[in-house]
Amino acid sequence: RREESTCKECNRTIPDFPKPGILFRDIFPLFRDPSILSDLLDLLVHHVQQNFKDKVDVVVGLEARGFLFGPMLALRLGCGFAPIRKKGKLPGECIQVSYTLEYGTDVFEMQKGAITAGQKILIVDDLIATGGTMMAACQLVKNMEAKVLECLVIIELTDLKGKEKLTDPFHTLIDFE
Ligand code: PRP
Ligand code: ADE
């Protein structure tokens, strides 16, 4: 298994993006090396299988960077995938929730019927910062009367204490101060 430090080296830090004062952690360098991507996916699959065995019904991914990991994880777990998207992108009837993130505000939507009452959901995103985005995703899943098994991310920006906002189980592969 690749060390956490190697994974950290694959994330670039860009100061003042997308706004002054934000230290942006760019995950895209990870995707340049298929062996790193493959190890990362193995770590995610291993974690879920160890902790939830065959319990996950649906992986829910958050636009946009959660879409990079969600479907490939769902494929490996043998379960479905459902998207949460930013306002106005999903056709049909949707439910929505407004939220605040580290550098702005937005509205998330989910299609009615994308997940159903009682299903066990794994929410996946690339990163948690202030936790506003993940909290909004949990709210949408619960509004559908489904159960959040876990909020799973690749990177936690620990100084921003986002996980303290969450009331559902949380796991990260990498901590960043
Ligand atoms: C980023 C990131 C998380 C969110 C975390 O998404 O991918 O979803 O911010 O921030 P928070 O913990 O402070 O809420 P962003 O809204 O920038 O969208 P993108 O994935 O489309 O770039
Ligand atoms: N999303 C919210 N805050 C972020 C940060 N500092 N870097 C990358 N993505 C983010």
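This text follows the structure it describes.
Report on the accompanying structure.

Conventions we followed
Residues numbered from 1 in each chain as written. Chains lettered and ligands numbered in written order. Predicted model: local features only at pLDDT ≥ 70, side-chain atom pairs only at ≥ 80, totals over all residues. Heavy atoms only, no water. Near = heavy atom within 4 Å. Polar contact = N/O pair within 3.5 Å; in protein donor to acceptor, adjacent residues only side chain to side chain. Areas by Shrake-Rupley, 256 points an atom, 1.4 Å probe, with all protein chains shown as cover. Helix = DSSP H or I, 4+ residues; strand = E, 2+ residues; numbered from the N terminus. Nonpolar A, V, L, I, M, F, W, Y, C, P; charged D, E, K, R; others polar. Pairing = 2+ DSSP bridges. Axes fitted to C-alpha atoms, helices over the stretch in contact; angles between N-to-C directions. Contact = heavy atoms within 4.5 Å.

1. What to know about the site of ligand 1
So, step 1. Surrounding ligand 1, one finds 16 residues, the nearest of these being Lys 86, Tyr 103, Asp 125, Thr 130 and Thr 133.
So, step 2. Between an oxygen atom of ligand 1 and a main-chain N or O atom of Ala 129, the distance comes to 2.8 Å.
So, step 3. Burial of ligand 1 by the protein amounts to 88% of the accessible area it has alone, namely 510 Å².
So, step 4. Elements that contribute at least two residues to the shell around ligand 1 include exactly strand E7 (120-128) and helix H4 (132-143).
So, step 5. Per element, the largest residue contribution to the shell around ligand 1 is 4 residues, and it comes from E7.
So, step 6. Residues of the shell around ligand 1, tallied by class, amount to 6 nonpolar, 4 polar and 6 charged.

2. What about the sheet that holds strand E8 (residues 147-157)?
So, step 1. Strand order in the open sheet formed by 7 strands is E5-E6-E4-E3-E7-E8-E9, and the pairing between neighbours is mixed. What marks the edges here is a single partner per strand, and that holds for strand E5 (94-101) and strand E9 (170-176). Within this sheet the neighbouring strands show an average axis-to-axis angle of 20°, counted without direction.
So, step 2. As paired strands, strand E3 (residues 58-62) and strand E4 (residues 80-86) are joined by 5 bridges and run parallel to one another. Among the inter-strand pairings, Val 59 is bridged to a residue of E4, identified as Phe 81.
So, step 3. Helix-sheet contacts for helix H2 (residues 34-52) involve E7, E8 and E9, and the interaxial angle to E8 is about 145°.
So, step 4. Lying on the sheet, helix H3 (residues 66-77) is in contact with E3, E4, E7 and E8; it crosses E7 at an angle near 140°.

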